[in-house]
Amino acid sequence: MPQLITTLGPREAGDLRMILPHEHVFVDLGPIEEANYRQAQAQDVIALMAPEIEKIKALGVTALVECTPTGVGRRADIDRAVSEATDFPVVVPTGIYREPWVPEWAQTASQAEVRDWMLAELTDQIEASGVQAAWIKLSAGDDGMTACEEKILRAAAQAGAATGAVIGSHTIRGEVALKQMAVIEAAGYTAERFIWIHTQNEPDLKLHLEAARRGAWIEYDGIGRPPHDDDYYLQRLQEALEADLGHHVLLSHDKGWYDPSKPGGGTPQPYTYLSEHFIPKMRAAGMGEETIRQLTWVNPFQAFAR
Ligand SMILES: [Zn+2]
């Protein structure tokens, strides 16, 4: 029975309804060398983010995927503290962001060492936080992977093959996403366990469906944010549904977060647009309840559960 591993323990499909597959509770986008995330206090993050979590709980959202990996200030202990304060499960990744955010140890580590680090987090816990990693988040340069990014991806493919964890990559260009899928397959895993994060940024729309046809999840995770409007996303959904690829699509906002490099953590952006605005527009565009449930309940569970 596949389980979604969360900050509050494993959950089965029947335990959950709507899941947001790409949000952030905590990210440090400040200067890397300052490492402000290390000083952040759980109480401050709870004070800022718990009200945002309470809003989506009231709208029927039952879990959220934290997409912050190592390199941009991951704090699994803080994700867990926010979860416990709100009784709301958060799904946390292992993995490493792209260059120049790759920490020094990972630049010099061998592929096997990176794989073993991921495996330890996927099977045990992240940095004594008591939180088991559910999945692997990484990234690639906009125009292609560096040698270091490709090493991290091959390590992820091996760790994924051993655990069933899905690999999600922040990848701006479709060509790069297709190349990543080939690397994953060559390393012995499957493109079906790959999420192309930020698919909406690829202007060649044919590549969206090509990646889905090859087995990957395509993720439209800028809903309710510029530069794309609701009609852009509704059209992408219609095309995917007409191509019978609706079971490969994920929808989210890429919003939220306490940023320890900003005074007071900055101003959070709510995770409510999908529930309050976009899903009603899906209905108005003729999508039935079963389709909406597939896209917002079933797909995110299937993508991240193992
Ligand atoms: Zn993100």
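Residues numbered from 1 in each chain as written. Predicted model: local features only at pLDDT ≥ 70, side-chain atom pairs only at ≥ 80, totals over all residues. Heavy atoms only, no water.

Quick rundown of the layout of surface pockets? Include the residues and the values.
Empty space within the largest pocket amounts to approximately 490 Å³. Together, 23 residues line the largest pocket, and Tyr 37, Arg 38, Thr 70, Gly 71 and Pro 103 are the ones closest to its centre. Here the lining of the largest pocket takes three residues from helix 3 (residues 104-108), the largest share from any one element. Considered class by class, the residues forming the lining of the largest pocket number eleven nonpolar, five polar and seven charged. Quantified by volume, the second largest pocket comes out at close to 420 Å³. Taken together, the residues of the lining of the second largest pocket break down into eleven nonpolar, nine polar and five charged. (1 Å grid on protein atoms, 1.4 Å probe; cavity = no way out; pocket = protein on both sides within 12 Å on 5 of 7 lines; lining within 4 Å. Points joined across faces, edges and corners; volume = space filled by probe spheres on them. Helix = DSSP H or I, 4+ residues; strand = E, 2+ residues; numbered from the N terminus. Nonpolar A, V, L, I, M, F, W, Y, C, P; charged D, E, K, R; others polar.)

Please set out the side chain of Glu 202 residue by residue, giving values where relevant.
Position of Glu 202 relative to the elements: it lies in the loop between strand 9 (194-197) and helix 7 (206-213). Since its relative accessible area comes to 1%, Glu 202 is described here as buried. Within the structure, Glu 202 has its side chain in polar contact with the backbone nitrogen of Gly 174 (distance 2.7 Å). Look past the residues within four positions of Glu 202 in its chain and what remains in contact with it is Ile 172, Arg 173, Gly 174, Glu 175, Trp 196, Leu 207, His 208 and Tyr 232. (Buried < 20%, exposed > 50% of the residue type's maximum accessible area, 1.4 Å probe, protein only. Polar contact = N/O pair within 3.5 Å; in protein donor to acceptor, adjacent residues only side chain to side chain. Contact = heavy atoms within 4.5 Å.)

Lay out unusual backbone geometry with the relevant residues and their values.
Going from Glu 99 to Pro 100, the amide bond is cis rather than trans, its omega being 5°. Mapped onto the elements, Pro 100 comes out in the loop between strand 6 (93-94) and helix 3. Along the chain, Pro 226 connects to Pro 227 via a cis peptide bond; the corresponding omega equals 10°. In this structure, Pro 227 sits in the loop between strand 10 (217-220) and helix 8 (230-242). The phi dihedral of His 198 is positive, around 70°, even though this residue is not glycine. Tracing the backbone shows His 198 in the loop between strand 9 and helix 7. In the Ramachandran plot, Asp 254 falls in the positive-phi region, its phi being about 60° despite a non-glycine side chain. Note on Asp 254: relative accessible area 12%, which makes it buried.

Quick rundown of the pattern of salt bridges? Include the residues and the values.
The final tally for this structure, using the stated rule, is 17 salt bridges. A salt bridge links Glu 54 to Lys 57, with the shortest nitrogen-to-oxygen separation between them at 3.5 Å. Highlighted residues: Glu 54 and Lys 57, both in helix 1 (residues 42-58), separated by three residues, approximately one helical turn. According to the relative accessible area criterion, Glu 54 is partly exposed, its value standing at 35%. What makes Lys 57 partly exposed here is its relative accessible area of 31%. The residue Arg 75 makes a salt bridge to Asp 77 at a minimum N-O spacing of 2.8 Å. The exposure class assigned to Asp 77 is partly exposed, which follows from its relative accessible area of 35%. (Salt bridge = Lys/Arg side-chain N within 4 Å of Asp/Glu carboxyl O.)

Lay out the coordination of the zinc ion in plain terms, naming residues and giving numbers.
At the metal site, the zinc ion is ligated by His 22 (NE2), His 24 (NE2) and Asp 254 (OD), and these contacts range over 2.1 to 2.2 Å. Read in sequence order, the donor residues for the zinc ion give the motif H-x1-H-x229-D. (Donors = N, O, S within 2.8 Å, 3.2 Å for Na, K, Ca; no water.)

So what's going on with the packing of helix 6 (residues 174-186) against helix 7? Residues and values would help.
Packed helix pairs are characterised by how far apart their axes lie and by the angle those axes make with each other. At their nearest, the axes of helix 6 and helix 7 sit 10 Å apart, and the two run at 10° to each other. With respect to helix 7, the axis of helix 6 lies roughly parallel. When you trace helix 6 past helix 7, the crossing you get is left-handed. Contacts between helix 6 and helix 7 involve Gly 174, Glu 175, Leu 178 and Met 181 from the former and Leu 207, Glu 210 and Ala 211 from the latter. (Axes fitted to C-alpha atoms, helices over the stretch in contact; angles between N-to-C directions. Parallel < 35°, antiparallel > 145°, perpendicular 65-115°, else oblique. Left-handed = near helix turned anticlockwise from the far one by under 90°.)

I'd like a description of the pairing of strand 3 (residues 18-26), backed by residues and values.
Counting buried positions over the nine residues of strand 3 gives nine, a clear majority of the element. In terms of strand pairing, strand 3 meets strand 4 (residues 61-66) through four bridges, oriented parallel. Residue pairing across strands places Glu 23 opposite Glu 66, the latter belonging to strand 4. Handedness of the strand 3-helix 1-strand 4 crossover: right-handed. As defined by bridge partners, strand 3 adjoins strand 12 (residues 256-258) across two bridges and the pair is classed as parallel. Counted as the bridge partner of Phe 26 is Tyr 258 from strand 12. (Pairing = 2+ DSSP bridges. Right-handed = clockwise from strand over helix to strand, strands pointing away.)

A description of the packing of aromatic side chains should follow, citing residues and the corresponding values.
Using the criterion set out here, one finds six aromatic pairs in the structure. Seen from their ring centres, Phe 26 and Tyr 258 are 5.9 Å apart, and the 5° between their planes marks the pair as stacked. Taken as a pair, Phe 26 in strand 3 and Tyr 258 in strand 12 lie far apart in primary sequence, 232 residues in all. Each member of the pair, Phe 26 together with Tyr 258, is buried. With 5.3 Å between their ring centres and 85° between their planes, Tyr 232 and Tyr 233 make a pair best called edge-to-face. Exposure class is identical for Tyr 232 and Tyr 233. Each is buried. Taken together, the ring pairs in this structure connect Tyr 220, Tyr 232 and Tyr 233 into an aromatic cluster. Positioned above the aromatic ring of Tyr 232 is the side chain of Arg 236, whose terminal nitrogen or guanidinium carbon lies 4.7 Å from the ring centre. (Phe/Tyr/Trp six-rings, centres within 6.5 Å; stacked < 30°, edge-to-face > 60°. Lys NZ or Arg CZ within 6 Å of the ring centre and 35° of its normal.)

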